[in-house]
Amino acid sequence: GAVVSQHPSRVICKSGTSVKIECRSLDFQATTMFWYRQFPKQSLMLMATSNEGSKATYEQGVEKDKFLINHASLTLSTLTVTSAHPEDSSFYICSAGGGGVTDTQYFGPGTRLTVL
Amino acid sequence: DQQVKQNSPSLSVQEGRISILNCDYTNSMFDYFLWYKKYPAEGPTFLISISSIKDKNEDGRFTVFLNKSAKHLSLHIVPSQPGDSAVYFCAASSKRGGADGLTFGKGTHLIIQP
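Residues numbered from 1 in each chain as written. Chains lettered and ligands numbered in written order. Predicted model: local features only at pLDDT ≥ 70, side-chain atom pairs only at ≥ 80, totals over all residues. Heavy atoms only, no water.

Q: Any details on the pattern of salt bridges? Residues and values, ideally.
A: Applying the stated criterion across every chain, the model contains 5 salt bridges over all chains. With its nearest N and O atoms 2.9 Å apart, the salt bridge here joins D88 of chain A to K66 of chain A. Taken as a pair, D88 of chain A in the loop between β8 (76-81) and β9 (90-97) and K66 of chain A in the loop between β6 (57-58) and β7 (67-73) lie far apart in primary sequence, 22 residues in all. Among the residues examined, K66 of chain A registers a relative accessible area of 11% and is labelled buried. Here D31 of chain B ties to K68 of chain B by a salt bridge, and the two come within 3.9 Å at their closest N and O atoms. In this pair, D31 of chain B sits in the loop between β3 (19-25) and β4 (32-38) while K68 of chain B sits in the loop between β7 (62-67) and β8 (72-77), placing the two residues 37 residues apart along the sequence. (Salt bridge = Lys/Arg side-chain N within 4 Å of Asp/Glu carboxyl O. Helix = DSSP H or I, 4+ residues; strand = E, 2+ residues; numbered from the N terminus. Buried < 20%, exposed > 50% of the residue type's maximum accessible area, 1.4 Å probe, protein only.)

See below:
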């Protein structure tokens, strides 16, 4: 299947700092990518839809000023967690694909964020 | 409220037998359903999908059945192998391929006993 990469795989930061997570589709172009968050022993929750060349759309309850999304090219989306707090500690996963290009969403390996 | 429900947090099956994982959904706008396999600290791996116009889709050892009137789907794995031990997530979307994002269930931890 298609390959989606994420970087970094894990990051530890101090409270109040910002962290950027990259999501890349390695062998296909994606006009749309998605960002999910998973808390321990919980399901994956869709946070936002990243649209190439336009603003991201956020799910209800997700603060757009806290989770900044940029989709500057057809193979790269970034999620920046601004002014991180310990409650932002989670597993962040991106996906790409779907629609007329593929019949599924391909997921990256995830990024474990720990905010001290 | 949960729109996709996997009511069994865990399931233990003997190697070689059939594993049946169940999933229910409430949103009648869902038209496309997917099953993913996931290991801890990794992203989900796609297994199989089904469109609402079908009631069955098969791929090797994996078969997904959809009962649209009951809003229920199931994943059958036969024969079950030790490598199948993982958490299985059911996901749904209103667009083909999950093109509008996926709604996930909480997952079922499948344990294959030797």
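Q: Tell me what's going on with the environment of I77 of chain B, and back it up with residues and numbers.
A: By secondary structure assignment, the location of I77 of chain B is in strand β8. Through-space distance from the C-alpha of I77 of chain B to that of G16 of chain B is 9.6 Å; in sequence the pair is 61 residues apart.

Q: How would you explain the interface of chain B and chain A if you had to name every residue and give the values?
A: The partner chain A presents 18 residues to the 21 residues of chain B that form the contact. Buried area between chain B and chain A, summed over both chains or domains, comes out near 1,500 Å², and the portion from carbon and sulfur atoms is 56%. Considering only the side of chain B, the residues that lose the most area to chain A are P44, R96 and F104 of chain B, jointly responsible for 25% of the buried surface there. At the boundary of chain B with chain A, the tally comes to 0 salt bridges. At the junction of chain B and chain A, the tally comes to 8 residue pairs in polar contact (both at pLDDT 80 or more). Within the residue set of the side of chain B that touches chain A, elements represented by two or more residues are β4 and β5 (45-51) of chain B. With 4 residues, the top contributor of residues to the side of chain B that touches chain A is β4 of chain B. For the side of chain B that touches chain A, a count of residues per class yields 10 nonpolar, 6 polar and 5 charged. (Contact = heavy atoms within 4.5 Å. Buried area = accessible area lost by both parts, 1.4 Å probe. Polar contact = N/O pair within 3.5 Å; in protein donor to acceptor, adjacent residues only side chain to side chain. Nonpolar A, V, L, I, M, F, W, Y, C, P; charged D, E, K, R; others polar.)

In short, geometric facts, not functional conclusions.
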